[in-house]
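One letter stands for each residue in the lines below.
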Amino acid sequence: MPHMSVRKRKTLLTATALAAGLTLAAVTPALAGASASHTTRAAAVSSAQGDPRNATQRVADFYGAYIDATWTTDDATAGPAAKALRGFYLSAAARKQVAAYEKKEHADGILFAQNVPVKWKVTATGSGMGHATSRVTLTWGDGPHPEVSRIDVQSDLKTLKITGLKKAG
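The paragraphs below set out a description of the structure included in this document. (Residues numbered from 1 in each chain as written. Predicted model: local features only at pLDDT ≥ 70, side-chain atom pairs only at ≥ 80, totals over all residues. Heavy atoms only, no water.)

This brings us to the overall build of the protein chain. Check the secondary structure of the protein chain and you find 5 helices and 4 strands. Split into buried and exposed, the 169 residues of the protein chain put 31% on the buried side. Of the roughly 10,700 Å² of accessible surface on the protein chain, 57% is carried by carbon and sulfur atoms. (Helix = DSSP H or I, 4+ residues; strand = E, 2+ residues; numbered from the N terminus. Buried < 20%, exposed > 50% of the residue type's maximum accessible area, 1.4 Å probe, protein only. Areas by Shrake-Rupley, 256 points an atom, 1.4 Å probe, with all protein chains shown as cover.)

Moving on to helix α5 (residues 92-105). For α5, spanning 14 residues, the distance from its first C-alpha to its last is 20 Å, which sits close to the expected 20 Å at 1.5 Å a residue. Every buried residue of α5 is listed here: A94, V98 and Y101. Mapping the buried residues of α5 onto a view down its axis gives an arc of 60°, with all of them on the same face. Facing away from the buried side of α5 by more than 90 degrees, the exposed set consists of A93, K96, K103 and K104. In this structure, the buried residues of α5 make contact with α4 (78-89) and β4 (162-167). Among the residues trailing α5, H106 stands out with phi positive, at a value near 55°. (Expected span 1.5 Å × (residues − 1). Arc of directions from axis to C-beta. Contact = heavy atoms within 4.5 Å.)

Quick look at the nonpolar core now. Note that soluble globular proteins tend to have their nonpolar side chains buried in a common cluster. Core analysis: the largest hydrophobic core is formed by 30 residues, its most contacted members being F62, Y63, L90, I110 and L165. If you list the elements that add at least two residues to this core, you get α3 (55-71), α4, α5, β2 (131-139), β3 (148-156) and β4. Examining the composition of this core, we find that 8 residues originate from one element, α3, more than from any other. Other than its neighbours up to four places away in sequence, F62 contacts L85, R86, Y89, L90, I110 and I162. (Core = buried A, V, L, I, M, F, W, Y, C linked by side-chain atoms within 4.5 Å.)

This part takes up the sheet that holds β3. The 4 strands are arranged β1-β2-β3-β4 in an open sheet whose pairing can be described as antiparallel. Each edge of the open sheet carries a strand with a single partner, namely β1 (119-128) and β4. Pairwise comparison of adjacent strand axes, ignoring direction, gives a mean angle of 20° for this sheet. Of the pairings in the sheet, the one linking β3 to β4 comprises 5 bridges and is antiparallel in character. Paired with V153 across the strands is L165, a residue of β4. Contacts from α3 reach β1, β2, β3 and β4 within the one sheet, and its direction differs from that of β1 by about 155°. (Pairing = 2+ DSSP bridges. Axes fitted to C-alpha atoms, helices over the stretch in contact; angles between N-to-C directions.)

If you walk through the whole model with that rule in mind, you get 5 aromatic pairs. Here F62 and Y89 contribute two aromatic rings whose centre-to-centre distance is 5.4 Å and whose plane-to-plane angle is 45°, an arrangement assigned as tilted. With F62 in helix α3 and Y89 in helix α4, this residue pair connects regions lying 27 residues apart in the sequence. Grouping residues by exposure puts F62 and Y89 together as buried. Ring geometry for F88 and Y89: centres 5.0 Å apart, planes at 90°, overall edge-to-face. An aromatic cluster of at least three residues, connected via ring pairs, comprises F62, Y63, Y66, F88 and Y89. When the ring centre of F88 is taken as reference, the NZ or CZ atom of K161 above it lies at 5.0 Å. (Phe/Tyr/Trp six-rings, centres within 6.5 Å; stacked < 30°, edge-to-face > 60°. Lys NZ or Arg CZ within 6 Å of the ring centre and 35° of its normal.)

So, in structure tokens, the structure goes:
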């Protein structure tokens, strides 16, 4: 990080701390046995891994942390955490695109919805000309036939920032 400005370092450290805090917030209730449903869901995940150099992994990291933050309604830090995550993972142009969608549709421009999904999955769908595309699949309930929506997310391969989001057709 020799050429990184102090501001960029602080932003990176803040986002890292937020991600760590959100992870701890997600794991703590399960470890404490707060409820059977949370414990069961946490126990179902036996391992997780990632690579911060991989564009699709970065999209998955963003959606996981963002959904955790927006799901949490009883924590005063959740709203600022979601905003900070947007600032860290999205390019300035993508943040403008999201803000325009939210103003027009009165819905979350990351999830393209007014509520929060219960599950998410990210899959690489291609790359070229300096960009990678990932498909985010959001599941909106439990049971045998839950509603599902999909979002195509474009990322810059150099910066790994999300540069565009659109509902998948």
